[in-house]
Structures are given as C-alpha cells and as structure tokens.
Amino acid sequence: MRKPGSSERGKQMIALLVLLAIAGFAVAGPTGLLAWSENAAALKQRDAEIVRLKAERDALRNRVKLLDPDAADPDLASELVREQLGVIHEDDVVITLEDEK
C-alpha cells in the first residue's frame, strides 16, 4: 500500500529533473552559454571571409567590365591573347598600374 503523498513527491522529483535538464542545456547545450564565445569567434571569422569575398567579387566585376566585347581594354585583351596562345616569352615583363579612385 502506498503512503499518501508519495505520488505527489514523485511528481515533484520528475519536475525537478526536467528543470535541471533544461538548465543544463541552457548552460552546456549547443546554443548555451558555454558555446557563446565559440559562436562569436566563428562569426568574426565569417565576417572576415565575407570581406575577402566581396573584394574578390569586385575584382572580378572589374575584370568583366574590362573584357566587355563592346569596349574591351586593349592591354588586357592583348595580355589574355598572348597568354592563351602561348606566345609569352620568358623575358616579357608585365607592369601593373594601380587604378586611381
């Protein structure tokens, strides 16, 4: 025979275990407090990657603009033709100039 209140005590223990499990996930779970600094570091790394990719995209856009069939840059076209056809000599020197903005 059961003691009166033992089922109530069992319910309280189950509720306590559930609350402890929730608290454990809040601290040590994949999105918990312990993972916060790791996520912040990953975010900084991804932001740096975005900056690098944007610069690469801008460089590619500029190259596409220079290769526009209607107004191709003669120097770039000459360089590409020489490279593609294999007529570059070892003693050729390529001098690049920075674009002024």
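Residues numbered from 1 in each chain as written. Predicted model: local features only at pLDDT ≥ 70, side-chain atom pairs only at ≥ 80, totals over all residues. Heavy atoms only, no water.

Draft legend 1. Structural detail: the overall build of the protein. The helix and strand inventory of the protein stands at three helices and zero strands. Secondary structure of the protein in N-to-C order comes out as α-α-α. In terms of overall dimensions, the protein is more spread out than a globule: its C-alpha atoms have a radius of gyration of 32 Å, far above the 13 Å expected for 101 residues. If you line up the protein on its principal axes, its C-alpha atoms span 100 × 30 × 25 Å. (Helix = DSSP H or I, 4+ residues; strand = E, 2+ residues; numbered from the N terminus. Rg over C-alpha atoms; globule rule 2.2 N^0.38 Å.)

Draft legend 2. Broad picture of a nonpolar patch on the surface. On the surface, M13, L16, L17 and L20 cluster together to form a nonpolar patch covering roughly 390 Å² of accessible area. Mapped onto the secondary structure, L16 falls in helix 1 (residues 6-28). Under the relative-accessibility criterion, L16 is labelled partly exposed at 42%. (Patch = residues over 30% accessible without salt bridge, like charges linked within 9 Å, V, L, I, M, F, W, Y side chains within 5 Å. Areas by Shrake-Rupley, 256 points an atom, 1.4 Å probe, with all protein chains shown as cover. Salt bridge = Lys/Arg side-chain N within 4 Å of Asp/Glu carboxyl O. Buried < 20%, exposed > 50% of the residue type's maximum accessible area, 1.4 Å probe, protein only.)

Draft legend 3. Representation of the environment of R46 in the model. Tracing the sequence through the fold places R46 in helix 2 (residues 36-66). Sequence spacing of R46 and M13 is 33 residues, and the spatial spacing of their C-alpha atoms is 44 Å.

Draft legend 4. Here's a closer look at the confidence of the model for the protein. On average, residues of the protein score 83 in pLDDT, and 92% of them reach the 70 mark or higher. Taking the mean pLDDT of every element in the protein, the minimum, 80, falls on helix 3 (residues 74-85) and the maximum, 92, on helix 2. (pLDDT = per-residue confidence, 0-100.)

Draft legend 5. Geometry of helix 3. For helix 3, built from twelve residues, the straight-helix expectation of 16 Å at 1.5 Å per residue is met to within 8% by its first-to-last C-alpha distance of 16 Å. The backbone nitrogen of L76 lies 3.2 Å from a side-chain oxygen of the residue at the head of helix 3, namely D73. Positive phi shows up at G86, right after helix 3, with a value of about 75°. (Expected span 1.5 Å × (residues − 1). Polar contact = N/O pair within 3.5 Å; in protein donor to acceptor, adjacent residues only side chain to side chain.)

Draft legend 6. Molecular detail of the pattern of salt bridges. Under the defined criterion, the tally for this structure stands at three salt bridges. Note that E49 is salt-bridged to R52, the shortest N-O span being 2.7 Å. Remark: R52 and E49 occur in helix 2; sequence separation between them is three residues, near one turn of the helix. Take R52: its relative accessible area is 42%, and that puts it in the partly exposed class. With a shortest N-O distance of 3.2 Å, E56 and R52 are connected by a salt bridge. Highlighted residues: E56 and R52, both in helix 2, separated by four residues, approximately one helical turn. Relative accessible area serves as the criterion here: at 40%, E56 is assigned to the partly exposed category. By sharing partners, the salt bridges in this structure join E49, R52 and E56 into a single network.

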